[in-house]
Amino acid sequence: MRGLLKTLLLVTLIGTAGAAAAAETWPTRPVRFILSQGAGSSPDITARIVADRLSRAWGQQVIVENRPGGQNIIGAQLAARTTPDGHNYFFATTAAIVMNPFTFKSLPYDPQKDFAPVAMIALSPFVLAVNPAVPAKSLAELIALDKAQPGKLALANEGPRTFSGMMGQMLNLTAGMKLLPVPYVAPPPAIADTVGGRTQVVLVSSAAITPYLKRGDLRALAVTAGKRVPGLEQVPTLAETFPGFVYVGWYVLLAPAGVPFKVAQRVNHDVDRVVADPDVISRLREMGQVTEGAGTPATIAKFLASERERWMKTVHDVGIKPE
């Protein structure tokens, strides 16, 4: 028995030393960020900003691989099946991890079991904005205008089963409004039609809408973050009027389950340095994004659990049935 215990201890020590050595020599080849959105999208631009900085730090290229389609399922499934050797990651967004489980009857990946949290990248609040011709300069005035002519104001969004679509439905429920939802395939045409006056109200990510706000093409009335957003400090949060009404998109780096802990630790540390860089903070802010550090695997896991609870309730409240 004593001999067996010595053998087990030796194996453990060898394994620990091996893992540490592997972390020290990692990466041994290019690192891959799989993204379930297309090239040129806000998540894509964000991923490439981070990838570029990490490439310099690691001496290996960090490749952003776009695998859009299927409501993020194609990219998520691919990322879940990659080898957990520390060279493959999923640059994940809200929909793939905490929304899809409640809007689809089944998924070819398990958001909780197939991935390990590594690093938080950024938060992307959404913005409720109107065409400047709309005679509402605040959320309260928009609510009053809508109630005076219910169903007359059209709300451009990305469809009833999307982030912005469900938030629009929640806004109607919470505020007692009857904004008429008009679905679009993506934020750009939704924004364009609101700028052109074909729709009056739009609710999309701050990353997509910020340039139009800066030019005065649209007027922001509220943001969906829990606190005011840097760069949009003059815009109130929806939670200031409706406590608890907090929805933010986010980008988080996940690894396939089983990734070496030491490698995940190093990636977390290096991402934290990247998102703390003033130039990176400035570039993200220009896109309407906020970074609060990489966090830790434990804090990210807790955050994702709270987000799952939030979206499970939201999907139920707006009456979305899994398909």
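Not measured: the values here are computed from a predicted model.

Basis of the calculations
- Residue indices begin from 1 for each chain and proceed along its sequence in written order.
- Local features in this predicted model are restricted to residues of pLDDT 70 or higher, and side-chain atom pairs are both shown and tallied only at a pLDDT of 80 or more, whereas totals for entire chains, interfaces and linings draw on every residue.
- No hydrogens and no water enter the side-chain calculation; it runs on all heavy atoms of the structure.
- The predictor attaches a confidence to each residue, and that confidence, scored 0 to 100, is pLDDT.
- In what follows, residue pairs with any heavy atoms lying within 4.5 Å of each other are defined as contacts.
- Aromatic pairs are defined between Phe, Tyr and Trp rings, using the six-membered ring for Trp, whenever the two ring centres lie within 6.5 Å; interplanar angles under 30 degrees are classed as stacked, those over 60 as edge-to-face, and all others as tilted.
- The numbering of helices and of strands both runs from the N terminus, where a helix is a DSSP run of H or I of at least 4 residues and a strand a run of E of at least 2.
- Each residue gets one of three labels from its accessible area relative to the maximum for its type: buried under 20%, exposed over 50%, partly exposed in between, using a 1.4 Å probe on protein chains only.
- Note on geometry: a ring has a charge over it if NZ (lysine) or CZ (arginine) is within 6 Å of the ring centre and within 35 degrees of the ring normal.
- By convention a nonpolar core is built from buried Ala, Val, Leu, Ile, Met, Phe, Trp, Tyr and Cys residues, the set being connected through side-chain atoms within 4.5 Å.
- Under this scheme, a helix contributes an axis fitted over its contacting stretch, all axes are lines through C-alpha atoms, and angles between N-to-C directions fall in the 0 to 180 degree range.
- Throughout, a crossing is termed right-handed when the near helix is turned clockwise from the far one, and left-handed when it is turned anticlockwise from it by less than a right angle.
- Gly falls in the polar group here, along with every residue not listed as nonpolar (Ala, Val, Leu, Ile, Met, Phe, Trp, Tyr, Cys, Pro) or charged (Asp, Glu, Lys, Arg).

## Concerning the confidence of the model for the protein chain
1) Next: With 93% of its residues at a pLDDT of 70 or more, the protein chain has an overall mean of 92.
2) Next: Contacts of residues 7-19 to residues separated by more than four positions or lying in other chains number 1 contact, the stretch itself having pLDDT below 50.

## Points about the packing of aromatic side chains
1) Next: One pass over the structure, following the stated rule, counts 11 aromatic pairs.
2) Next: Between Trp26 and Trp58 the ring centres are 4.7 Å apart and the planes differ by 70°, which places this aromatic pair in the edge-to-face class. With Trp26 in the loop between α1 (2-25) and β1 (31-35) and Trp58 in helix α2 (residues 42-58), this pair connects stretches of sequence that are 32 residues apart.
3) Next: On the accessibility criterion, Trp58 (7% relative accessible area) is buried.
4) Next: Here Phe126 and Phe163 contribute two aromatic rings whose centre-to-centre distance is 4.4 Å and whose plane-to-plane angle is 10°, an arrangement assigned as stacked. One end of the pair, Phe126, is in strand β4 (residues 115-130); the other, Phe163, is in helix α6 (residues 163-175), with 37 residues separating them in the sequence.
5) Next: Look at Phe126 and you get buried, because its relative accessible area is 7%.
6) Next: With relative accessibility at 9%, the residue Phe163 sits in the buried group.
7) Next: Clustering of aromatic rings is evident, with ring pairs tying together Phe126, Phe163, Phe245, Tyr247 and Trp311.
8) Next: Its end group placed over the ring of Tyr212, Arg215 keeps NZ or CZ at 4.8 Å from the ring centre.

## A closer look at the nonpolar core
1) Next: Core analysis: the largest hydrophobic core is formed by 72 residues, its most contacted members being Phe90, Ile97, Leu142, Val202, Ile209 and Trp250.
2) Next: When neighbours within four sequence positions are excluded, Phe90 is seen to be in contact with Ile34, Ser36, Gly75, Ala76, Ala79, Ala96, Ile97, Phe115, Val252, Leu253 and Leu254.
3) Next: Counting residues in hydrophobic clusters, the runner-up holds 34 residues, among them Ile121, Val263, Ala264 and Val271.

## A look at the packing of α2 against helix α10 (residues 261-275)
1) Next: Two elements in contact, α2 and α10, have axes separated by 10 Å at closest approach and are oriented at 120°. The interaxial crossing formed by α2 with α10 has right-handed handedness. When α2 is examined against α10, the residues Val50, Arg53, Leu54 and Trp58 are found in contact with a partner set consisting of Arg266, Val267, Asp270, Val271 and Val274.
2) Next: For the contact of α2 with α10, the per-class residue count stands at 6 nonpolar, no polar and 3 charged.

## Brief notes about the environment of Ala294
1) Next: Its location among the elements puts Ala294 in the loop between α11 (278-286) and α12 (297-317).
2) Next: By relative accessible area, which is 0% here, Ala294 ends up buried.
3) Next: Between the C-alpha atom of Ala294 and that of Ala119, which follows or precedes it by 175 residues, the distance is 4.8 Å.

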